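# Geometric and topological summary
Take a look at the letters that make up each chain.
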Amino acid sequence: MITGEIKNKIDQIWTSIWAGGLTNPLTVIEQLTYLMFIRSLDVKEQDNEKAEFLLHVKRDRIFPQSSIGQSMRWSKFKNKDANDIFMIISRYVFPAIKNMKHGRLPDFDENGNFIELPDESGAEKAETSSFAKHMADATFMIPTALVLQKIITGLDDLYTHDIADLDMQGDVYEYMLGKLQTAGQNGQFRTPKHIRDMMVELVAPTPQDTICDPACGTAGFLVSAVEYVRRNYESQMSKADWDAFKTTMFSGFDTDPTMLRISAMNLMLHSITQPDISYKDSISKQNQLSDAYTVCLANPPFKGTVDAESINDDLKSVVNTKKTELLFLALFLRMLKKGGRCACIVPDGVLFGSSKAHKSIRKELVENHQLRAVISMPSGVFKPYAGVSTAVLVFTKTGAGGTDKVWFYDMKADGFSLDDKRNAIDDNDIPDIIGRFHHLENEGERKRTEQSFFVPKEEIVGNDYDLSINKYKEIEYVPVEYPPTSEIMAKLHELETEIAKNLAELDEMLKKENV
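Starting afresh in each chain, residues are numbered from 1 along the sequence in its written order. Per-residue local features of the predicted model are confined to residues with pLDDT of at least 70, and side-chain atom pairs are confined, for both listing and counting, to 80 or more; whole-chain, interface and lining totals are unaffected and use all residues. Excluded from the side-chain calculations are hydrogens and water; all other atoms, namely the structure's heavy atoms, are used.

## Notes on helix 16 (residues 356-368)
Taking 1.5 Å of rise per residue, the 13 residues of helix 16 would be expected to cover 18 Å, and the 17 Å separating its terminal C-alpha atoms lies within 8% of that figure. Among all positions in helix 16, only A357, H358, I361, R362, L365 and V366 are buried. For helix 16, the buried positions fall inside an angular range of 165 degrees around the axis, keeping them on one side. Helix numbers and strand numbers start at the N terminus; a helix is a DSSP run of H or I with at least 4 residues, a strand a run of E with at least 2. Expected span of a helix, by definition, is 1.5 Å for each gap between consecutive residues, and there is one gap fewer than residues. When accessible area is computed with a 1.4 Å probe and restricted to protein chains, residues below 20% of their type maximum are described as buried, those above 50% as exposed, and intermediate ones as partly exposed. Arc, as used here, means the arc of the directions from the helix axis to the C-beta atoms.

Printed below as a string of structure tokens:
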């Protein structure tokens, strides 16, 4: 979470860019992302060099070994003269990342002419297009050498002294998004990393899974899934597993070309060289994918604008509505294979809305699939960008029912204050949520007065498929004993006498002053 001094440093970088004449906030965010990507490539190359030196294992290099190729590295140009930095990035580095293939940057000859990397066949050739197709329209727009030098210096200071261990690309984007006047109109809010990580822990992906986020934004959920699989299975994965991990395991869709470029860069930095990151309106007729994935992770847009004529008929047959939060639930069910599992964020209105569409999608989840959990989150989770109350739904696609009882959890703290500052605090229910969810066999005796409990399907059906936790939780009232009325009245009379006495004394003091 970016706070305090870090925010001030980012604001200074932002001010420098604005002062240079680049005033479109989304353009600023995109340009900063390019520069962070360029720096991260050099960090990754340094890791390759260390591995070769310490382990004596040859690693594929990102940067060409020529003098021009090495000059493109952040560590080599960051302290140069402003004009030199501008020339290196605009003439060499930016054209190189636009033409990156197979995880490698192309070289330039001694005259500065571009040397195109050779195409390779099969999967590797497909790998080339996955990244390049989203970078084809990218443009380097930093206006002057001095502005570029200020950005380079500011970012390097941030990485070196403040946020070396954070998901910088995503966190900076999240903070910058707060500067967009239109932020939130179409649900464009990045999900906090600790919430994404919790949701990934709940569905527990394995190397055999195929994972999709059909509203991927900056690919945050996919990155969290990448990190989970590495953390839990890295030592067990076969060559076939690693090939799938780098290519076909992760997919994401979005309708914003800028988001797709950011997603492609973000995943490439996590060694996912061939994800399916595609321009696609997920709930439209354009998307015909069905029974394609084993895991869906998403925070779909809330209250997004949608053209009724473009909505896929398959989705309307499940839930006839223009509300994107309901259509995406139907989409998850269609895109998942049987036995596939989903963790997604929904606004609270999905849980208790009384419209026919709201009831029909809840009925679909409860009656025709296995709704496993409803985790109610506090409204401050998305602050300072939004104060909407949300919940996490966890379900498995079965097509044949399976909901016997639903586990509810009332999250009260997520490890951060629930105000706009979102400072780290000790209270955090997330470890408890994860631990209890993976041991639901121990939850049967929990009472409705506790933070988590089961509700049988029959009771949910009887309540019109209402899934709001407040419908089922019980509040334990502790009786308070008050003194007898006569004692209370006696104390009131005492107070009245004391007040009258004090007023009389004050009256006397004022008379003496006026004499």
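## So, the nonpolar core
L35, L41, F77, I89, I151 and L155 are the most contacted members of the largest nonpolar core, which has 47 residues in total. Here this core gets 9 residues from one element, more than from any other, and that element is helix 2 (residues 25-55). F250, L260, F302 and A343 belong to the second-largest nonpolar core, a separate cluster that totals 46 residues. Here, nonpolar core means buried Ala, Val, Leu, Ile, Met, Phe, Trp, Tyr and Cys residues that are tied together by side-chain atoms lying within 4.5 Å of each other.

## As for the sheet that holds strand 3 (residues 211-213)
Strands were regarded as paired on the criterion that DSSP finds at least two bridges between them. An order of 5-4-3-6-7-9-8-10-13 is seen for the 9 strands of this open sheet, with the pairing classed as mixed. Each edge of the sheet is formed by a strand with only one pairing partner; in this case those strands are strand 5 (276-279) and strand 13 (452-456). The average angle at which neighbouring strand axes cross in this sheet is 15 degrees, direction not considered. Those strands touched by helix 14 (residues 324-335) are strand 3, strand 4 (250-254), strand 6 (293-298), strand 7 (336-347) and strand 9 (390-396), and its axis lies near 160 degrees from that of strand 7. For helices, the fitted axis covers only the stretch in contact; all axes are lines through C-alpha atoms, and the angles between them, taken along N-to-C directions, range from 0 to 180 degrees. The contact rule is simple, with two residues in contact once any of their heavy atoms fall within 4.5 Å.

## Looking at the pairing of strand 10 (residues 405-410)
The buried count for strand 10 comes to 5 of 6 residues, which makes it a mostly enclosed element. As defined by bridge partners, strand 8 (residues 370-377) adjoins strand 10 across 4 bridges and the pair is classed as parallel. Pairing of I375 across the sheet is with Y409, part of strand 10. Relative to strand 13, strand 10 runs antiparallel, the two being bridged by 5 bridges. Following the sheet pairing, K405 is matched in strand 13 by P456.

## Thoughts on the state of the cysteines
Covalent bonding between the sulfur atoms of two cysteines defines a disulfide. Cysteine sulfur atoms are paired as a disulfide whenever they come within 2.5 Å of each other. Under the definition given, this model contains 0 disulfides. C296 takes part in no disulfide bond, and the closest cysteine sulfur to it belongs to C212, at a distance of 5.3 Å. Here C296 falls in the buried class, since its relative accessible area comes to 0%. Of all cysteine sulfurs in the structure, the one in C344 sits closest to C342, which takes part in no disulfide; the separation is 4.1 Å. In this structure C342 comes out as buried when scored by relative accessible area, which is 0%.

## Concerning the environment of M87
Relative to the elements of secondary structure, M87 occurs in helix 5 (residues 82-98). Residue classification places M87 among the partly exposed positions, given a relative accessible area of 34%. Along the backbone, M87 and A145 are 58 residues apart, and their C-alpha atoms lie at a distance of 8.3 Å.

## Some words on the pattern of salt bridges
Salt bridge, as applied in this entry: a Lys or Arg side-chain nitrogen positioned within 4 Å of an Asp or Glu carboxyl oxygen. With the rule as written, the count across this model stands at 24 salt bridges. Among the ionic pairs, E227 bridges to K193, the shortest N-O distance being 3.0 Å. Taken together, the residues E227 in helix 10 (residues 220-233) and K193 in helix 9 (residues 193-203) connect sequence positions 34 residues apart. Take E227: its relative accessible area is 24%, and that puts it in the partly exposed class. Accessibility expressed as a relative area gives 24% for K193, which makes it partly exposed. Ionic pairing is found between E450 and R446, a salt bridge with its closest N-O pair at 3.0 Å. If you follow the salt bridges from partner to partner, you end up with D42, E49, E52, R61 and R73 in one network.

## Re the confidence of the model for the protein chain
Predictor confidence is given residue by residue as pLDDT, running from a minimum of 0 to a maximum of 100. For the protein chain, the average pLDDT comes to 87, and 90% of its residues sit at 70 or higher. Ignoring residues within four places in sequence, the model shows residues 121-129, a span with pLDDT below 50, making 10 contacts including any to other chains. Confidence over residues 181-187 falls short of pLDDT 50; this stretch has 10 contacts with residues more than four positions distant or in other chains.

## A look at the packing of helix 9 against helix 10
The geometry of a pair of packed helices is captured by two quantities: the angle between their axes and the separation between those axes. Two elements in contact, helix 9 and helix 10, have axes separated by 9 Å at closest approach and are oriented at 55 degrees. With respect to helix 10, the axis of helix 9 lies oblique. Seen along the crossing, helix 9 lies across helix 10 with a hand that is right-handed. Contacts from K193, R196, D197, M199, V200 and E201 in helix 9 reach G220, F221, S224, A225, E227, Y228 and R231 in helix 10. Polar here means any residue outside two lists: the nonpolar Ala, Val, Leu, Ile, Met, Phe, Trp, Tyr, Cys and Pro, and the charged Asp, Glu, Lys and Arg; Gly therefore counts as polar. Among the residues making up the contact of helix 9 with helix 10, the classes are represented as 5 nonpolar, 2 polar and 6 charged. Any angle that is under 35 degrees is reported as roughly parallel, and any over 145 degrees as roughly antiparallel; angles of 65 to 115 degrees are reported as roughly perpendicular and all others as oblique. Should the near helix be turned counterclockwise from the far one by less than a right angle, the crossing is left-handed, whereas a clockwise turn marks it as right-handed.

## Observations regarding the packing of aromatic side chains
Between 30 and 60 degrees the pair is tilted, below 30 it is stacked and above 60 it is edge-to-face, where a pair is any two Phe, Tyr or Trp rings, Trp via its six-membered ring, whose centres lie within 6.5 Å. A complete count under the given rule lists 14 aromatic pairs for this structure. Aromatic pair W242 and F245: ring centres 5.3 Å apart, planes at 85 degrees, arrangement edge-to-face. Linking W242 with F245, this pair stays in helix 11 (residues 239-246), spanning 3 residues, or about one helical turn. When the ring of F328 is compared with that of F332, the centres are 6.2 Å apart and the planes differ by 50 degrees; the resulting orientation is tilted. Note that F328 and F332 are positioned in helix 14 at a spacing of 4 residues, about one turn of the helix. Its relative accessible area of 6% is what places F328 among the buried residues. For F332, a relative accessible area of 1% corresponds to the buried category. Through successive ring pairs, a cluster of aromatic residues spans Y34, F86, F94 and F140. Geometry around F253 places K280 over its ring, the cationic atom sitting 4.4 Å from the centre. Consider the ring centre and the ring normal. A charge sits over the ring if Lys NZ or Arg CZ is within 6 Å of that centre and within 35 degrees of that normal.

## A word on the packing of helix 2 against helix 12 (residues 257-269)
Between helix 2 and helix 12, whose axes approach to 10 Å, the crossing angle comes to 15 degrees. Judged by the inter-axis angle, helix 2 sits roughly parallel to helix 12. Where helix 2 crosses over helix 12, the handedness of that crossing is left-handed. Together, L26, E30, T33, Y34, F37, S40, L41 and K44 of helix 2 and T258, M259, R261, I262, M265, M268 and L269 of helix 12 make up the contact between the two elements. Broken down by class, the residue content of the contact of helix 2 with helix 12 amounts to 9 nonpolar, 3 polar and 3 charged.

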